[in-house]
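Each chain, letter by letter, is given below.
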Amino acid sequence: MSNFPFLSVLTVAPLVGALVVAFLPRRRPELAKQVAFAWSLLVLVLSVVMWVSFNAGGDRFQFRESYSWIPNWGVSFTFAADGIALVMLMLIAVLVPLVILASWHDAESSKRSIPVYFALLLILESTMIGVFAAADVFLFYVFFEVMLVPMYFLIGSYGGHQRQYAAVKFFLYSLVGGLFMLAAVIGLWVVGGKTFDWQALSQVDISTGTERWLFLGFFLAFAIKAPFFPFHTWLPDAGGAAPAGAAALLVGVLDKVGTFGILRYCLPLFPEASKWFAPWALALGVIGIVYAALLAVGQNDLKRLVSYTSIAHFGFIGVGIFAFTTQAGTGAVLYMLNHGLATGLLFLVVGMLISRRGSSLISDFGGAGKLVPVLAGVLFFAGLASLALPGTAPFISEFLVLIGTFTVNKPVAVIATLGIILAAAYVLWMVQRTTQGTLNPALTKIDGMRRDLNLREKVVVAPLIALIVLLGFYPKPVTDVINPAVQATMDDIGRTDPAPSVGTVQEAAK
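Everything numeric here is computed off the predicted structure, so don't read it as measured data.

Thresholds applied
- Residues numbered from 1 in each chain as written.
- Predicted model: local features only at pLDDT ≥ 70, side-chain atom pairs only at ≥ 80, totals over all residues.
- Heavy atoms only, no water.
- Helix = DSSP H or I, 4+ residues; strand = E, 2+ residues; numbered from the N terminus.
- Rg over C-alpha atoms; globule rule 2.2 N^0.38 Å.
- Buried < 20%, exposed > 50% of the residue type's maximum accessible area, 1.4 Å probe, protein only.
- Contact = heavy atoms within 4.5 Å.
- Lys, Arg positive; Asp, Glu negative; His and termini not counted.
- Charge placed at Lys NZ, Arg CZ, Asp CG, Glu CD.
- pLDDT = per-residue confidence, 0-100.
- Core = buried A, V, L, I, M, F, W, Y, C linked by side-chain atoms within 4.5 Å.
- Pairing = 2+ DSSP bridges.
- Axes fitted to C-alpha atoms, helices over the stretch in contact; angles between N-to-C directions.
- Parallel < 35°, antiparallel > 145°, perpendicular 65-115°, else oblique.
- Left-handed = near helix turned anticlockwise from the far one by under 90°.
- Salt bridge = Lys/Arg side-chain N within 4 Å of Asp/Glu carboxyl O.
- Expected span 1.5 Å × (residues − 1).
- Phe/Tyr/Trp six-rings, centres within 6.5 Å; stacked < 30°, edge-to-face > 60°.
- Polar contact = N/O pair within 3.5 Å; in protein donor to acceptor, adjacent residues only side chain to side chain.

Colleague: What should I look at first to understand the overall build of the protein in this one?
Modeller: For the protein, the helix and strand inventory stands at 22 helices and two strands. For the protein, whose C-alpha radius of gyration is 22 Å, the value lies close to the compact-globule estimate of 24 Å for 510 residues. Per-residue burial for the protein yields a buried fraction of 60% across its 510 residues. Within the protein, counting contacts between residues at least 6 apart in sequence, those at least 24 apart form 81% of the total. Side chains of the protein carry 31 positive and 26 negative charges; the gap between the two charge centres is 10 Å.

Structure follows, in structure tokens:
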């Protein structure tokens, strides 16, 4: 199966499914949902086969395909996946079917076309797969920009309060970042011998000044997309207004394009500029961890609170990337996966709670666990995973980031650990105010609050819980795939892990 065109098929398949779903009769919404779900399962099956076919000890980039597109510009449809991209592709394949199931009734109150809603989810899946699979810089840029369109309509047409404002803000922030990147892409094409092929560009020798300017063009686009402090203000608005399923994909996958872009493009293509900018990036990372965590503590809106927690988590990922050690780098990539699972679960569960109450305000809850104990238990588990409790997958990635960073930059690692303490504060406060304590009498008068998790919702949360626990105790299948790609990235920038001190070696020998 190694010669099968996995990446192009995976990119096109959801788009074909979206066209099928979009043209189904509006009077048959259940059929549209079923077809969308079945199509997403097909993508999941293909992704699993691709994962099994991937040789962790083989070439860095596998499943390579290349088809001529604009030969005069050196542009081609080139796809390839290393271990980092493969992990993100699997995350997409797992989350989308669960999001479709969780969103079964989300579009019904919007008075908009239900088939179009599920078609937009499949279009979004296609563009997300394309952006992680692209091995041509121009193709990556195209997917990077087109990805905004389905999310814009998901937020603006099917979102909640202030959806139009949030959708426009999301689009404008990302578009401005894309313009910086477009300028850098053109500059890279000029100095790189008029080619957009990643492998060819990675061998180009660029002058120091030019490299720094090009790095900044890419980095600004990725920092806005991630988002890193201080480019983060669009995320709480977009995450708060988006439907819960779309918000899970926005925070769970879409934002990872920023950190993935730094790993795939900024570090290998501009190694000297990456090392030059690293202290600033580390500073932005630790500020984001503490700042976003403090803001999360003060939120009264559930979805905005989860959005701020994600900004803090992206600070950890940024620190792991720019620490330039294999431990921290592996932790950062693993964090991208684990954050997608844990925060995706948290957003979906919060959406289930909000749909029952009809409000996203924490102050409108109180003691809900007495009415919906299973839902409350899942919310508690998702919160514990978000704060990286030992035994859950995020703990492994956060621990690797902090250990890998501590070996090269102790102050940054120490400050970053404050985020762990603050995470416990905002997660436990959220759980206590919503599901614990004295029962809010108003909840007993709402029919939705008397319905605990149904079978469909249990099917949504069960796989995510299982993966979070499994990877919390046995992350080896994923780290075996990630490690070679991270090591190759460290080699690209000429960094090796620091050797242990003599004292450390002697203590280990004893």
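From this point on, the discussion continues.
Colleague: Would you take a moment to explain the confidence of the model for the protein for this structure?
Modeller: Segments scoring low in pLDDT should not have their predicted coordinates read at a detailed level. On average, residues of the protein score 89 in pLDDT, and 97% of them are at 70 or above. At the level of individual helices and strands, the protein shows its lowest average pLDDT in helix α22 (residues 502-509), which scores 41, and its highest in helix α3 (residues 83-102), which scores 95. A low-confidence stretch, residues 502-510 (pLDDT under 50), is modelled with one contact involving residues beyond four sequence positions or located in other chains.

Colleague: Explain the nonpolar core here, please?
Modeller: In a soluble, globular protein the nonpolar side chains are often hidden away together inside. Within the largest apolar cluster, 192 residues are counted, with the highest numbers of intra-cluster contacts made by F140, F218, L267 and F322. Those residues in contact with L267, other than ones at most four positions away along the chain, are I262, S274, I321, F322, F324, T489, M490 and I493.

Colleague: Looking at this structure, how should I read the environment of R433?
Modeller: Assignment of secondary structure puts R433 in helix α19 (residues 418-435). When the C-alpha atoms of R433 and A368 are compared, they prove to be 9.1 Å apart, with 65 residues separating the residues in sequence.

Colleague: Can you help me understand the environment of V176 in this one?
Modeller: Here V176 shows up in helix α7 (residues 163-191). Separated by 45 residues in the primary sequence, V176 and A221 have C-alpha atoms spaced 7.7 Å apart.

Colleague: Mind showing me how you'd approach the pairing of strand β1 (residues 62-70) here?
Modeller: On any regular strand, side chains alternate: one points to one face of the sheet, the next to the other face. Pairing of β1 with strand β2 (residues 75-81), which is carried by six bridges, proceeds in the antiparallel orientation. Each bridged residue has a counterpart across the sheet, and for E65 the counterpart in β2 is F79. The hairpin turn running from β1 into β2, its antiparallel successor, is four residues long, and G74 in that turn takes a positive phi close to 70°.

Colleague: Could you clarify how one ought to interpret the packing of helix α1 (residues 6-22) against helix α4 (residues 114-133) in this entry?
Modeller: When two helices pack together, you describe them by how their axes are tilted relative to each other and by the distance separating the axes. Closest axis-to-axis distance for the α1/α4 pair is 8 Å, and the angle between their directions is 165°. As the angle between them shows, α1 and α4 are arranged roughly antiparallel. Note that α1 runs across α4; the crossing there is left-handed. Along the contact surface, α1 presents L7, L10, T11, P14, L15, G17, A18, V21 and A22, while α4 presents P115, F118, A119, L122, I123, E125, S126, I129, G130 and A133.

Colleague: Whenever I open this one, the pattern of salt bridges confuses me. Can you help?
Modeller: Between side chains of opposite charge, pairing is possible as soon as their charged atoms come close. Tallying each qualifying case throughout the model produces nine salt bridges. A salt bridge links E30 to K33, with the shortest nitrogen-to-oxygen separation between them at 3.1 Å. On the criterion of helical spacing, the pair formed by E30 and K33 is a turn pair, its members being three residues apart in helix α2 (residues 29-53). On the accessibility criterion, E30 (35% relative accessible area) is partly exposed. Residues R264 and D82 are paired through a salt bridge, measuring 3.0 Å at the closest nitrogen-oxygen approach. Residue R264 is located in helix α12 (residues 256-269), and its partner D82 is located in the loop between β2 and α3; the two are separated by 182 residues in the primary sequence. Note on R264: relative accessible area 4%, which makes it buried.

Colleague: Looking at this model, I keep getting lost on helix α15 (residues 326-357). Mind explaining?
Modeller: Because the α-helix completes a turn every 3.6 residues, residues three or four places apart line up on one side. Counted at 1.5 Å a residue, the expected span for α15 with its 32 residues is 46 Å, and the 45 Å between its end C-alpha atoms agrees. Burial analysis of α15 places 30 of its 32 residues in the buried class, the great majority of the element. In the segment just after α15, G358 is the residue with positive phi, at about 80°.

Colleague: Just checking my understanding: could you explain the packing of aromatic side chains for this structure?
Modeller: Think of a pair of aromatic rings as described by two things: how far the centres are apart, and how the planes are tilted against each other in angle. Counted by the stated rule, this structure contains 31 aromatic pairs. Judged by centre distance (5.9 Å) and plane angle (35°), the ring pair of F140 and F144 falls under tilted. With F140 and F144 both in helix α5 (residues 137-146) and four residues apart, the pair spans about one turn of that helix. You can call F144 buried: its relative accessible area is 1%. Consider the rings of Y152 and F153, whose centres lie 5.2 Å apart with planes at 80°: the pair is edge-to-face. Residue Y152 is classed as partly exposed on the basis of its relative accessible area of 22%. Members of the aromatic cluster, connected to one another through ring pairs, are F140, F144, F218, F222, Y265 and F270.

Colleague: Is there a simple way to explain helix α20 (residues 455-473) in this structure?
Modeller: The end-to-end C-alpha distance of α20 is 27 Å, a good match for the 27 Å that 19 residues give at a rise of 1.5 Å each. Of the positions making up α20, those classed as buried are R456, E457, V460, V461, L464, I468, L471 and G472. Regarding α20, its N-cap is N454, as a side-chain oxygen of that residue lies 3.2 Å from the backbone nitrogen of R456 further along.

Colleague: Teacher, can you tell me more about the side chain of S359 here?
Modeller: Within the secondary structure layout, S359 lies in the loop between α15 and α16 (373-386). A polar contact is formed between the side chain of S359 and the backbone nitrogen of L361, at a distance of 3.1 Å. Polar contacts involving the side chain of S359 include one to the side chain of D364, which spans 2.6 Å. The residues contacting S359, other than those within four sequence positions of it, are I354, D364 and F365.

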